[in-house]
Every structure is written in C-alpha cells, then in structure tokens.
Amino acid sequence: MSSLQSLIDQVDDSINEIIHMNQELIKIPSINTGYMPTGNETLVAEFLRDSLLDDGISSNLIGRDPKRKNFISDYPSISDKTKLMFMSHTDVVPVENEEKWKFDPFSGTIHEGRVYGRGSNDCKALLTTQMMAFKILKRNNITLDYGLKLVSGADEEHGGKWGFRWLAEKHPELITSDYAINEGGSVSIQADNKLILSIGVGEKGRLELKFKIKGESGHASTPWMGKNASFQLGKLLKNLEDYKPEIITTLPFFSHLHNFGIEEKIDSSNFDKLIDRLDKSYPLVSSLSKALSQMLITPTMVQGGIKSNSIPEEIILTCDIRNLPFQKIDYIISEIEKISQDIDGLTYDLEYMSDPNESKFDSALADAIIESQSIIQNNKEIKWIPLHSPGFTDSTYTRRLGITTYGFYGSDPQDDATLNNIHGTNESIGIASLISGTKSMLAIAYIMCMNKL
Ligand SMILES: [Zn+2]
C-alpha cells in the first residue's frame, strides 16, 4: 500500500505531465460568451474522458446540449457512497483584446515559471490538479474506501444553466456527495513570517436591479414642452454615489483580523480607521473587509434616448447588487427605497441572479484540508481563515443540495498571485501552484476517502 508521502513525492516526478495537461486544456478554446451557440465544452469533456481512459478510469459525459456536455468520473472505490467531489468548470471567459496579450491566449506558452493562456488558471488549473490526482492514485493501484468523484461543469461563467445548475436540478443523483471542493475564496497571505490560508466557505448573493425613469418625450429645441428623464437619472446616480451601506462585521472572517495586526474588535464605529491601516499593510485584506461588511449597489449600465434631438422618454439604469447571507429581500428593498424615494417617475425591477450561500467551517473536509497543508507546506503553524467570496461559483448549487462545499486550491504560497489575472489579459498559473495544487488534491482525497471505513 502506498503511503500518502510516497504519493506526494510522485507529484514532483510528474511535473512535465502536469504542465502538459494544463497546456492541452488551454489549447481547447472553450469560450463561453453567454449566448448560444457557445462554449463547446464537450471538446474539453472528451479530452478528459480519453485522458482518464489511458489510466483505465471510465467517465460519463452528460448535458442539455450535445456541444455543452459535463464531465463526470467516479474513481474506483469499495463503498458506492461518495464522500468527496472534486468540482471545476470547463468553460472560459472570452479574450477582450488579443493584441494586449504577450502570447497567443490559446497556446499555453511557458514563460518564467508560469503557463499563460485564457483559462490556464480559471478553472483549468484546478481541473489539471484534480485530473492528475486521479491518475496518480490509479497508477498506484489504489482502490479507495469511500467514493471520490470528479465533476467538471459547463457554463460556470454564465451561471451554470448548461452545467452544475442543470445537473443539480435534473440529475442531482449524479453529483451526490457528502463534501465537495471547488474554486472560490482560496487565498494565501504571508504576514510577519506567518502563513495565512483561507478556505472559501460561502458567497455573497447577486441581484440585478433595473431602475426605469419615465419622462415625457419632446423636441430638444423646446425642452420645456417635455420632461427630460436625464435630470432624474442625475439625481439617482448622486444618491447611489452618496449611499452609505450599513457596516456589519459578523461574518467569521472578521474574527481573524488579529492575524493582520488588528487587535481591536472591528465594527461600524472604527471601521474606516482600521481599513485605512489595513490598506497600507495588507491591501487584499482591506479589499475583502470592505466587500464582506456591506451590501453593495453598483451602477453598471445606462440605456436611454432614441435620437440626439429628442428628449428621452425613458432611461434605464442597471445596477449590480451584492448582498451578505443574512441580508434578505425585505432589507434589500428597504435600502433601494431609501435611495430612490425622491426620484420622479421611477419604478424598478429586481431579479435574483444567485442566492448568498455558505457551508459550516467546522467539518471533516476542513480538517482534511488543514492536515493536507501542514504536510505539503511542512508547516504546523499555518493560520486558517474561513472566507466568504464576493463573487459567484457553482458552489451555490451544491450547497443548495446540502453538500458541504469549500473553495480551496492549494496554490503555492510563494507564487505571485498578482500575476494570475483571472478573466484579464495575460492570465496565467504558476507551475509551482500546479504542483502544490496536485499534491493538495491528492492528499485531501486520500485523507477523506481512505482507511476510514
Ligand atoms: Zn472559475
């Protein structure tokens, strides 16, 4: 029987294969524009199927659309009860301006210890590490005691309607598991010689708010004959700019700020002062503190007017709302009412795009993640922070099914995360993180699914 340490050591011997896997995935341009036909994730799923088949592991491709299939593989195990699911996604966001890229975004070029390409990081890095963990386990002839799944969904970048959302609604039996590990909320910060890692335990919600301001159209040469909605828009934008969201510091993240030199209890009375301090020493922690302490309403799009010589009859202002898990719909509406009460001719529509969601931090999977890093980083002093993520992932759908789901990546703490550029120009992943990520997935699977019967 291979020990966990010998499995971890084999990852170092597999560097070339790990890099190659990431490059091959980047070379399949599974771009998701959000508008059908798009994605072509089936090509990625077929690559994954063929690759695992080389190691004698079978898998299943299933989807709403033949070109947008999801990838599901069950690792051989004694029990048919799945304990852990590896999650990731096969689609990538479009490339905005290829001219600005240092390398062809679908080449997987290696430069200064990193692999460059759209999706190299989000989410084909996590997918690479999960695939390699499967392969290394199998090459050691390991049959797990409890079930381990690898599910890579289509369409994560546009809400999962062809991916995890569809699987959760139509085929929940295919993604049933006690625990799952996914992207989102995993950061590493070095503070005064201490290594601080986070586990993504939840996500803020997202709503789309559309304000409609009605005016009265008329000729621009006699503006007094109409009622120009633009001026009400101006007032509304000013209200949004002046809006001071309530500061609430009850998420578990705020009880861990002592790791960053904040000894006082942070609340609305000292918030700005302490954020100023964090801004100088830990800008990432400062930004997270702002995002995780308040509901944000951000204007993102304006539409209105039909002709340059006509007074607009109607203007629509779209806003993005990010709410905390305990901020329910009544609260959101009361805040919108406060912002918009003095605007003439205003109505609004509010649509939930994703619910806030969370899993408990105290669990066997959290213990396994913590144990895996103390082995891999050879560091028993790591400090851990439960983190809600300001953004959205597929974890919302698995948490809804009652699966304890965490965001954790296992990236190398020495890797410069500012070069990741997820969704941006020159997206990349450090090769060191592909290695430590593979070790992490291997160790977490081993701890969760072996010798526990
Ligand atoms: Zn992603």
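Residues numbered from 1 in each chain as written. Predicted model: local features only at pLDDT ≥ 70, side-chain atom pairs only at ≥ 80, totals over all residues.

> Any chance you could break down the overall build of the protein chain for me, citing the residues and the numbers?
When helices and strands are counted, the protein chain shows 12 helices and 17 strands. The globule rule puts the C-alpha radius of gyration for 453 residues at 22 Å, and the 24 Å found for the protein chain is close to it. Principal axes of the C-alpha set define a box for the protein chain whose edges measure 85 × 55 × 45 Å. Burial analysis of the protein chain (453 residues in total) assigns 44% to the buried set. (Helix = DSSP H or I, 4+ residues; strand = E, 2+ residues; numbered from the N terminus. Rg over C-alpha atoms; globule rule 2.2 N^0.38 Å. Buried ≥ 20, exposed ≤ 12 C-beta atoms within 10 Å, placed from the backbone.)

> Quick one: what's the story with the packing of helix H2 (residues 15-26) against helix H12 (residues 431-449), residue by residue and with numbers?
At a minimum axis separation of 10 Å, H2 and H12 run at an interaxial angle of 105 degrees. The pairing of H2 with H12 is recorded here as roughly perpendicular in orientation. Note on element contacts: H12 touches H2 through Ile 431, Leu 434, Ile 435 and Thr 438, opposite Ile 15, Ile 18, Ile 19 and Asn 22. For the contact of H2 with H12, the class distribution of residues is 6 nonpolar, 2 polar and no charged. (Axes fitted to C-alpha atoms, helices over the stretch in contact; angles between N-to-C directions. Parallel < 35°, antiparallel > 145°, perpendicular 65-115°, else oblique. Contact = placed C-beta atoms within 7 Å. Nonpolar A, V, L, I, M, F, W, Y, C, P; charged D, E, K, R; others polar.)

> Any details on the environment of Ser 3? Residues and values, ideally.
By secondary structure assignment, the location of Ser 3 is in the segment before helix H1 (4-12). Residue classification places Ser 3 among the exposed residues on the basis of 10 C-beta atoms within 10 Å. The spatial distance from the C-alpha of Ser 3 to the C-alpha of Tyr 446 is 9.5 Å, given a sequence separation of 443 residues.

> Give me the lowdown on the nonpolar core, citing residues and values where you can.
With 87 residues, the main nonpolar core has Leu 442, Ile 444, Ala 445 and Met 448 as its most contacted residues. Broken down by element, the residue count for this core peaks at 11 residues, all from H12. The two domains that each donate at least three residues to this core are domain 1 (4-201 + 357-449) and domain 2 (205-354). If near-sequence neighbours (up to four positions away) are discounted, Met 448 is found in contact with Lys 83, Leu 84, Tyr 179, Ala 364, Leu 365 and Ala 368. With 12 residues, the next largest nonpolar core counts Leu 207, Phe 211, Ile 315 and Ile 321 among its residues. (Core = buried A, V, L, I, M, F, W, Y, C linked by C-beta atoms within 7 Å. Domains from an automatic or database assignment.)

> A description of the environment of Glu 169 should follow, citing residues and the corresponding values.
Structurally, Glu 169 can be placed in helix H5 (residues 164-170). Given 13 C-beta atoms within a 10 Å radius, Glu 169 is considered partly exposed. Spatially, the C-alpha atoms of Glu 169 and Tyr 397 are 8.7 Å apart, while their sequence positions differ by 228 residues.

> Let's hear about the sheet that holds strand S5 (residues 114-116): which residues, and what values?
A sheet is described by the order of its strands in space; here 3 strands give the open sequence S4-S5-S17, paired in antiparallel fashion. The sheet is open, and its two borders are formed by strand S4 (110-111) and strand S17 (428-430), each paired with just one other strand. Inspection of the sheet shows S4 paired to S5 by 2 bridges, in the antiparallel sense. Considered in S5, the bridge of His 111 is made with Arg 114. Taken strand by strand, H12 contacts S5 and S17, and its axis lies near 65 degrees from that of S17. (Pairing = 2+ DSSP bridges.)

> Any details on the domain arrangement of the protein chain? Residues and values, ideally.
Domain boundaries assigned for the protein chain yield domain 1 (4-201 + 357-449) and domain 2 (205-354). Taking only C-alpha atoms into account, the centre of domain 1 sits 33 Å from that of domain 2. Counting residues at the interface gives 16 residues for domain 1, matched by 16 residues for domain 2. Listing elements by their share of the side of domain 1 that touches domain 2, those giving two or more residues are strand S8 (188-191), strand S9 (194-203) and strand S15 (383-389). Top element by residues in the side of domain 1 that touches domain 2 is S15. It accounts for 5 residues. For the side of domain 1 that touches domain 2, the class distribution of residues is 10 nonpolar, 3 polar and 3 charged.

> Describe in detail the sheet that holds strand S10 (residues 205-214), supporting the description with residues and values.
If you trace the 4 strands from one edge of the open sheet to the other, you get S11-S12-S10-S13, paired in antiparallel fashion. The two strands at the open ends of the sheet, each matched to only one other strand, are strand S11 (296-304) and strand S13 (346-354). When the angles between neighbouring strand axes are averaged without regard to direction, this sheet yields 20 degrees. Sheet analysis places S10 next to S13, joined by 8 bridges and oriented antiparallel. Residue pairing for S13: Leu 209 is matched across the bridge by Leu 350.

> Let's hear about unusual backbone geometry: which residues, and what values?
Cis geometry is adopted by the peptide bond preceding Pro 37, which originates at Met 36 and carries an omega value of -5 degrees. The residue Pro 37 is located in the loop between H2 and helix H3 (41-53) in this model. The omega torsion of the bond from Asp 122 to Cys 123 falls at 5 degrees, within 30 degrees of zero and hence cis. Of note, the phi angle at Asn 141 is positive, near 55 degrees, even though the residue is not glycine. By secondary structure assignment, the location of Asn 141 is in the loop between helix H4 (124-139) and strand S6 (147-153). We note that Asp 155 has phi near 65 degrees; this positive angle belongs to a residue other than glycine.

> Tell me about H1, residues and numbers included.
All of the buried residues in H1 are Leu 7, Ile 8 and Val 11. One side of H1 holds all its buried residues, which, seen down the axis, span an arc of 100 degrees. Along H1, the residues that are exposed and aim more than 90 degrees away from the buried face are Gln 5, Ser 6, Asp 9 and Asp 12. Looking at the buried positions of H1, the neighbouring elements they touch are H4, helix H10 (364-376) and H12. (Arc of directions from axis to C-beta.)

> Please provide a residue-by-residue account of the environment of Glu 246, values included.
Mapped onto the fold, Glu 246 is located in the loop between helix H6 (229-242) and helix H7 (271-281). For Glu 246, a count of 12 C-beta atoms within 10 Å corresponds to the exposed category. C-alpha separation for the pair Glu 246 and Ser 268, spaced 22 residues apart in sequence, amounts to 7.8 Å.

> Tell me what's going on with the pairing of strand S7 (residues 179-182), and back it up with residues and numbers.
Across a regular strand the side chains alternate sides, sitting on one face of the sheet and then on the other. Burial along S7 is two-sided: the face carrying Tyr 179 and Ile 181 and the face carrying Ala 180 and Asn 182 are both buried. Here S7 runs beside strand S16 (residues 404-407); their pairing, made up of 4 bridges, is parallel. When the sheet's bridge partners are listed, Ile 181 is paired in S16 with Tyr 406.

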